[in-house]
Amino acid sequence: MSFSITTTEPQETVFSANDVKVYYGKFLALKGISIDIFKNSVTAFIGPSGCGKSTLLRCFNRLNDLIENFHLEGKIVYHHQNLYDPQVDPVEVRRRIGMVFQKPNPFPKSIYDNVAFGARINGYKGDMDELVEKSLRSAALWDEVKDKLKESGLALSGGQQQRLCIARAIAVQPDAILMDEPCSALDPISTLRVEELIHQLKERYSIIIVTHNMQQASRVADMTAFFNVEPTDKGGRMGYLVEYDRTEVIFQTPKQQATQEYVSGRFG
Amino acid sequence: MPESIPETANSTLTSGNLHRSLSPRTLFNEVMTALAFLCGALALIPLLAVLSYVAIQGFSSLNFSVFTELPPPPMSQGGGFGNAIAGTLIMVGIAAAIAVPVGVLAAIYLTEFSDPHTVRWIRFATNVLSGVPSIIAGVFAYGIVVLTFVGLKWGSYSPIAGGVALAVLMLPIIVRTTDESLQLVPSEMRQAAVGLGATKFQTVWGVVLPAALPAIVTGTTLAVARASGETAPLIFTALFSPFWPQIWPPQQFIAPTASLAVLVYNFAIVPFKNQQQLAWAASLILVLMVLLTSIISRWAIRQRS
Ligand SMILES: Nc1ncnc2c1ncn2[C@@H]1O[C@H](COP(=O)(O)OP(=O)(O)O)[C@@H](O)[C@H]1O
Ligand SMILES: [Mg+2]
């Protein structure tokens, strides 16, 4: 399946997945995904649990390489380079594409060191204090932590921890940020703050966000991709992309019956 | 009738009296609590008895000269065991210098780099090694160090051989505690580091090791404590000496060396009062040294974080 998107202005693509198939061992988890992700926009992945949203997200920064029996077929082009070309170093990929996880996972270090970690390992030569401040400001956390930068990142509240993780990702000065259900462990107020933050961040970064929350997708995303899962003959479950379009189209006038049912809350 | 169930339950709850009663359930609870307390006390008695006996006997024979003087010949008064303290410090130091890096790196290999099949065998081997009687470690070090030195005509017994024997005993403790503490570091931590573009080395060195450090230090302290009290392996490897250990020149370093554990063993079984008193004092010093190691390492950890 392929999707031609009619947006008002032509947009630059950051990622372009082309017939991507993902296997865990012999088990086909995702079949034939083709999708273009646009620059400086927020793209939401929605769909029922187990349809492979996290799996696809982690293909974009090659984090799935950590899983032993992971195997990908097809191509993911990132600025004209195939990420899965044997010549490509996954470490270099991850330096350009940041990641925020479902559960806030700050390092057991000080707030300052959490933010500085990525920059240090990447050999950042500039003024570290300035970078830490800038990153924390971008993550809307500076005012809350500026007097306790030496305290442990684990001493913060869940919502603050997640913003710290966003600051940590920003400090590496990435090109794109991947977020896997970043608000699922947060209370409603922290969720709103992170959503506001996503709005601000998209001016500088291309963002892909996986979410279970339909309202969240409609609030933050410019583009939305709906995934579904179907049983295979061998008893496995295989995810696929149902529909990908501008968010308002997905939520108001989807072309597929399944999308219509999912966004109106009738299944999933 | 499913509807009646909540009603009945509800009515007993509201109408029943809330005071403590001597129902069989409460009674059983009380008895089990008392039993658990008793067993706890029983387990503590030997521990406290040994410690207090050593403390009482040791303190009464302790004075400043034990740190500065050499062991006295039989039947004479005074003396000390400064050489044995120095010997124990040297040998435990050599053992730690070998066992800590090797053990920690081995554990890092196990949790972070190795494949599951190899891991099973190495973990099994470590468990076997930790069950090996300490005297075997002594025989092993005798075979590979003492006999080698004899063959090279460098001497025979030495603190190096003693250190190697103690390292063999420390190694499985350090590998196991480090291995376990590394496994407890959540995989989200590793993924976060890798997601920032960290190499495997940067992930382990910058995130995983610091997170596991307190547990690693605890394990190392345990290993040091165990090693400093070992006697049997030192009898095969360092023997004993009434003189101060010589660090320089190297030929003099390879010589029989005193240690607290062997001094206690030697002096506790002789019929001379003065020697027996020194054995008690040496036991106390040994206990205090272990305690001090543990306190210092805990303090160092707290300073870091
Ligand atoms: N490490 C893994 N090993 C094997 N199968 C996996 C692994 N991770 C995910 N899967 C499988 O891949 C499918 C998609 O999972 P996931 O991407 O986590 O879905 P989602 O994020 O949409 O809930 C599921 O059927 C899941 O069981
Ligand atoms: Mg998921």
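Preceding block: the structure.
The paragraphs below set out a description of the structure included in this document. Small disclaimer: the values here were computed from a predicted structure and weren't measured.

Considerations on the overall build of chain A
Here's step 1: When its secondary structure is counted, chain A shows 10 helices and 10 strands.
Here's step 2: The globule rule puts the C-alpha radius of gyration for 268 residues at 18 Å, and the 19 Å found for chain A is close to it.
Here's step 3: Dimensions of chain A, computed from the C-alpha atoms along their principal axes, are close to 55 × 40 × 40 Å.
Here's step 4: Evaluated residue by residue, chain A yields a buried proportion of 55% over its 268 residues.
Here's step 5: Taking all contacts inside chain A whose residues are at least 6 apart in sequence as the whole, residues at least 24 apart take part in 68%.

Brief notes about the pairing of strand β9 (residues 223–231) of chain A
All names here are of chain A.
Here's step 1: Judged by how many residues are buried, β9 sits mostly within the fold: seven of nine residues are covered.
Here's step 2: Inspection of the sheet shows strand β3 (residues 42–46) paired to β9 by four bridges, in the parallel sense. Of the residues in β9, the one forming a bridge with F45 is A225.
Here's step 3: As paired strands, β9 and strand β10 (residues 237–246) are joined by nine bridges and run antiparallel to one another. For A225, the partnering residue across the bridge sits in β10 and is Y244.
Here's step 4: Once β9 ends, the chain turns through five residues before running back antiparallel as β10, passing G235 with a positive phi of about 85°.

Some remarks on the packing of helix α6 (residues 134–151) of chain B against helix α7 (residues 159–184) of chain B
Residue and element names in this part refer to chain B.
Here's step 1: Relative to each other, α6 and α7 sit at 145°, their axes nearing to 8 Å. As α6 runs across α7, the sense of the crossing is right-handed. Where α6 abuts α7, its residues S134, A137, G138, F140, A141, I144, V145, V146 and F149 lie against I160, A161, V164, A165, V168 and L169.
Here's step 2: By residue class, the composition of the contact of α6 with α7 is 13 nonpolar, two polar and no charged.

Considerations on empty space enclosed by the protein
The probe, sized like a water molecule, is rolled over the atoms to show the empty space still left.
Here's step 1: With the rule as written, the count across this model stands at one cavity of 30 Å³ or more.
Here's step 2: Its boundaries defined by the atoms lining it, the largest cavity holds a volume of some 30 Å³.
Here's step 3: In terms of lining residues, the largest cavity is bounded by M99, C165, R168 and A169 of chain A together with A192, G195 and L196 of chain B.
Here's step 4: Only α6 (158–171) of chain A together with α8 (187–195) of chain B provide two or more residues apiece to the lining of the largest cavity.
Here's step 5: Looking at which element gives the most residues to the lining of the largest cavity, the answer is α6 of chain A, with three residues.
Here's step 6: The residue inventory of the lining of the largest cavity, partitioned by class, reads five nonpolar, one polar and one charged.

Side note on the packing of aromatic side chains
Residue and element names in this part refer to chain A.
Here's step 1: The tally for this structure, following the rule as stated, stands at 13 aromatic pairs over all chains.
Here's step 2: Considering the side-chain rings of F45 and F60, the 6.5 Å spacing of their centres and the 50° angle between planes classify their relative orientation as tilted. Of this pair, F45 sits in strand β3 while F60 is found in the loop between α1 (53–59) and β4 (70–78), placing the two residues 15 residues apart along the sequence. F60 matches F45 in its accessibility class, with the two residues each being buried.

Comments concerning a nonpolar patch on the surface
All names here are of chain B.
Here's step 1: Together, L44, L47, L48, L51 and V287 give the surface a local cluster of nonpolar side chains, amounting to about 430 Å² of exposed area.
Here's step 2: Of the residues forming the nonpolar patch, the biggest block, four residues, is contributed by helix α2 (residues 24–60).
Here's step 3: Mapping L44 onto the fold places it in helix α2.

Structural notes on the site of ligand 1
All names here are of chain A.
Here's step 1: In the vicinity of ligand 1, the contacting residues are Y24, F27, A29, S49, G50, C51, G52, K53, S54, T55 and I67.
Here's step 2: At a separation of 3.0 Å, an oxygen atom of ligand 1 approaches a polar backbone atom of G52.
Here's step 3: Within the backbone of K53, one N or O atom sits 2.9 Å away from an oxygen atom of ligand 1.
Here's step 4: Elements represented by at least two residues in the shell around ligand 1 include exactly β2 (27–38) and α1.
Here's step 5: Residues of the shell around ligand 1, tallied by class, amount to five nonpolar, five polar and one charged.

Considering the side chain of S114 of chain B
All names here are of chain B.
Here's step 1: Considering the arrangement of structural elements, one finds S114 in the loop between α4 (82–113) and α5 (116–131).
Here's step 2: We classify S114 as buried; its relative accessible area is 15%.
Here's step 3: Among residues more than four places away in sequence, those in contact with S114 are Y109 and V119.

Brief notes about the interface of chain A and chain B
Here's step 1: Between chain A and chain B, the residue contacts involve 21 residues of the former and 16 residues of the latter.
Here's step 2: Roughly 1,600 Å² of surface becomes buried between chain A and chain B when both sides are summed, with 68% attributable to carbon and sulfur atoms.
Here's step 3: Contact with chain B buries surface across chain A, with F107, F117 and I121 of chain A losing the most and accounting together for 26% of the total.
Here's step 4: Along the contact surface separating chain A from chain B lie one salt bridge.

Regarding the layout of surface pockets
Here's step 1: Roughly 620 Å³ of volume is contained in the largest pocket.
Here's step 2: Every residue lining the largest pocket is counted, 23 residues in all, and those nearest its centre are L66 of chain A together with T111, E112, R190 and K200 of chain B.
Here's step 3: Its residues assigned to classes, the lining of the largest pocket comprises nine nonpolar, six polar and eight charged.

Focus on the pairing of β3 of chain A
Residue and element names in this part refer to chain A.
Here's step 1: For β3, the tally of buried residues reaches five of five residues, placing the bulk of the element in the interior.
Here's step 2: Neither face of β3 is left uncovered, since the one carrying V42, A44 and I46 and the one carrying T43 and F45 both have all their residues buried.
Here's step 3: As paired elements, β3 and strand β8 (residues 206–210) share four bridges and run parallel to each other. When the sheet's bridge partners are listed, A44 is paired in β8 with I209.

Here is what the cut-offs are and how they apply
Residues numbered from 1 in each chain as written. Chains lettered and ligands numbered in written order. Predicted model: local features only at pLDDT ≥ 70, side-chain atom pairs only at ≥ 80, totals over all residues. Heavy atoms only, no water. Helix = DSSP H or I, 4+ residues; strand = E, 2+ residues; numbered from the N terminus. Rg over C-alpha atoms; globule rule 2.2 N^0.38 Å. Buried < 20%, exposed > 50% of the residue type's maximum accessible area, 1.4 Å probe, protein only. Contact = heavy atoms within 4.5 Å. Pairing = 2+ DSSP bridges. Axes fitted to C-alpha atoms, helices over the stretch in contact; angles between N-to-C directions. Left-handed = near helix turned anticlockwise from the far one by under 90°. Nonpolar A, V, L, I, M, F, W, Y, C, P; charged D, E, K, R; others polar. 1 Å grid on protein atoms, 1.4 Å probe; cavity = no way out; pocket = protein on both sides within 12 Å on 5 of 7 lines; lining within 4 Å. Points joined across faces, edges and corners; volume = space filled by probe spheres on them. Phe/Tyr/Trp six-rings, centres within 6.5 Å; stacked < 30°, edge-to-face > 60°. Patch = residues over 30% accessible without salt bridge, like charges linked within 9 Å, V, L, I, M, F, W, Y side chains within 5 Å. Areas by Shrake-Rupley, 256 points an atom, 1.4 Å probe, with all protein chains shown as cover. Salt bridge = Lys/Arg side-chain N within 4 Å of Asp/Glu carboxyl O. Near = heavy atom within 4 Å. Polar contact = N/O pair within 3.5 Å; in protein donor to acceptor, adjacent residues only side chain to side chain. Buried area = accessible area lost by both parts, 1.4 Å probe.

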